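Here are the chains, one letter per residue:
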Amino acid sequence: MRKLNYLTIPLILLSSYTYALEKTHKCIKVDQQQIASLFDRWNDSLKSGDAKKVSANYLADAVLLPTISNQVRLTDAERIDYFKHFLAKKPVGKIDNRTIRIGCNKAIDIGTYTFTFKDKSTVSARYTFTYVWDGKEWKISTHHSSEVPANK
């Protein structure tokens, strides 16, 4: 009987660990259109003019490499600071082309977009958004945007 106890405890622990692992690693079903709509959500938050709403799209420890700044933004406060200045120009983004890749609870949206500002000026940029499922919703984990170089 004693041997049974020595075997039972590890089996119970292993099955509990396996259950917890499966539960935390359950992949959320998502399609390309749903991932594409995350840009629309982000762009709508830009249109709100509220830097805090824009920053709410990002994980707390997300990395932002912005289009019109050479400073890496690693915190909510740094992202809010960047977006306050960016939003003053009243930007509206439009995707020019994209490729979306989907994995387990993560996705990448990469391509080019163009921002049009209130003064009718524009900037074309290359972008990469990486998204993760945080258990409740999709959040931006990294966002890189760089102006497209002039043709040479």
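Keep in mind the model is a prediction, meaning the values are calculated, not measured.

Right, let's talk about the sheet that holds strand β2 (residues 92–103) for a bit. Reading across the sheet, the five strands line up as β1-β5-β4-β3-β2 and stay open at both edges, with mixed pairing between neighbours. The open sheet has two edge strands with one neighbour each: β1 (58–65) and β2. Averaged over neighbouring strand pairs, the angle between their axes works out to 15 degrees when direction is ignored. Across four bridges, β1 lies against strand β5 (residues 138–147) in parallel orientation.

Right, let's get into the confidence of the model for the protein. Confidence in the prediction for the protein averages 88 pLDDT; 83% of positions are at 70 or higher. Here residues 13–22 is a poorly scored stretch, pLDDT under 50, and it has zero contacts once near neighbours within four places are set aside; other chains count.

Taken as a whole and assessed by the stated rule, the structure comprises 18 aromatic pairs. The interplanar angle of 15 degrees and the centroid separation of 5.6 Å between the aromatic rings of Tyr 82 and Phe 86 together place this pair among those described as stacked. Taken together, the residues span about one helical turn, with Tyr 82 and Phe 86 both in helix α4 (residues 76–87) at a distance of four residues. For the pair shown, Tyr 82 and Phe 86 are each scored as buried. With a centroid separation of 5.7 Å and an interplanar angle of 65 degrees, the aromatic rings of Trp 133 and Trp 138 are classed as edge-to-face. When its relative accessible area of 8% is taken as the criterion, Trp 138 is described as buried. Here a set of aromatic residues connected by ring pairs shows up, and it is made of Phe 39, Trp 42, Tyr 58, Tyr 82, Phe 83, Phe 86, Tyr 113, Phe 115, Phe 117, Tyr 127, Phe 129 and Tyr 131.

As a further point, take the nonpolar core. Core analysis: the biggest nonpolar cluster contains 29 residues, and Ile 35, Trp 42, Leu 46, Tyr 58, Phe 83, Phe 115 and Phe 129 have the highest contact counts within it. Those elements giving two or more residues to this core turn out to be α2 (32–48), α3 (51–55), β1, α4, β3 (106–116), β4 (122–133) and β5. Top element by residues in this core is α2. It accounts for six residues. Look past the residues within four positions of Phe 129 in its chain and what remains in contact with it is Phe 39, Trp 42, Ala 107, Ile 108, Asp 109, Tyr 113, Ile 140, Thr 142 and His 143.

Once that is clear, we can look at the state of the cysteines. Here the structure, examined in full by the defined rule, presents one disulfide. Here Cys 27 engages in a disulfide with Cys 104; their sulfurs sit 1.9 Å apart. Judged by the torsion about the S-S bond (-105 degrees), the Cys 27/Cys 104 disulfide is left-handed. Pair noted here: Cys 27 is in the loop between α1 (2–24) and α2 and Cys 104 is in the loop between β2 and β3, with a separation of 77 residues, a long-range link.

About the cut-offs
Residues numbered from 1 in each chain as written. Predicted model: local features only at pLDDT ≥ 70, side-chain atom pairs only at ≥ 80, totals over all residues. Heavy atoms only, no water. Pairing = 2+ DSSP bridges. Helix = DSSP H or I, 4+ residues; strand = E, 2+ residues; numbered from the N terminus. Axes fitted to C-alpha atoms, helices over the stretch in contact; angles between N-to-C directions. pLDDT = per-residue confidence, 0-100. Contact = heavy atoms within 4.5 Å. Phe/Tyr/Trp six-rings, centres within 6.5 Å; stacked < 30°, edge-to-face > 60°. Buried < 20%, exposed > 50% of the residue type's maximum accessible area, 1.4 Å probe, protein only. Core = buried A, V, L, I, M, F, W, Y, C linked by side-chain atoms within 4.5 Å. Disulfide = S-S within 2.5 Å.

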